[in-house]
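The primary structure of each chain is shown beneath.
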Amino acid sequence: MSDFAFAMTGAACTAGAGAALVYRALAPTGRHRAARPATDGQLLRPVEALDQLEAHCPVQDRPTLQLRLTTGGQCCTECRHTTTTEATP
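Okay, so let's go over this structure. All values reported here derive from a predicted model rather than from experimental measurement. (Residues numbered from 1 in each chain as written. Predicted model: local features only at pLDDT ≥ 70, side-chain atom pairs only at ≥ 80, totals over all residues. Heavy atoms only, no water.)

### Observations concerning the sheet that holds strand β3 (residues 74–76)
Part 1: Strand order in the open sheet formed by 4 strands is β1-β2-β3-β4, and the pairing between neighbours is antiparallel. Edge positions in the sheet fall to β1 (52–57) and β4 (82–83), since each has one partner strand and no second. (Pairing = 2+ DSSP bridges. Helix = DSSP H or I, 4+ residues; strand = E, 2+ residues; numbered from the N terminus.)

In structure tokens:
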């Protein structure tokens, strides 16, 4: 090979590597916002994020904290007894 071919090959490799570095520096990473530092008061446990109410539990025969289910019923947080409410037509 001639010196010209070696020079062209080296120039092509250098240009390709430089283009790859520029692309990686400018390409979007998928992060659109900076992360906010969370304080201890902002974090919720999964059970705290649910819709809660205090209602009478028929198993324990006293008012307990219950979770409202998407199916229309309620679930006691202490004994896990589930009561369903049937819709009247």
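### Digging into the pattern of salt bridges
Part 1: Under the definition given, this model contains 2 salt bridges.
Part 2: Between D51 and R68 there is a salt bridge, with its nearest N and O atoms 2.7 Å apart. Remark: R68 occurs in strand β2 (residues 62–68) and D51 occurs in the loop between α1 (3–26) and β1; sequence separation between them is 17 residues.
Part 3: Residue D51 is classed as partly exposed on the basis of its relative accessible area of 41%.
Part 4: You can call R68 partly exposed: its relative accessible area is 44%.
Part 5: A salt bridge links E78 to R62; the nearest nitrogen and oxygen atoms lie 2.4 Å apart. Residue E78 is found in the loop between β3 and β4, and its partner R62 is found in strand β2; the two are separated by 16 residues along the sequence.
Part 6: Here R62 falls in the partly exposed class, since its relative accessible area comes to 36%. (Salt bridge = Lys/Arg side-chain N within 4 Å of Asp/Glu carboxyl O. Buried < 20%, exposed > 50% of the residue type's maximum accessible area, 1.4 Å probe, protein only.)

### Let's talk about unusual backbone geometry
Part 1: The residue D61 is not glycine, and still its phi comes out positive at about 55°.
Part 2: When you line up the elements, D61 lands in the loop between β1 and β2.
Part 3: Here R80, not a glycine, exhibits a phi torsion of approximately 65°, which is positive.
Part 4: Overall, R80 belongs to the exposed group, its relative accessible area being 54%.

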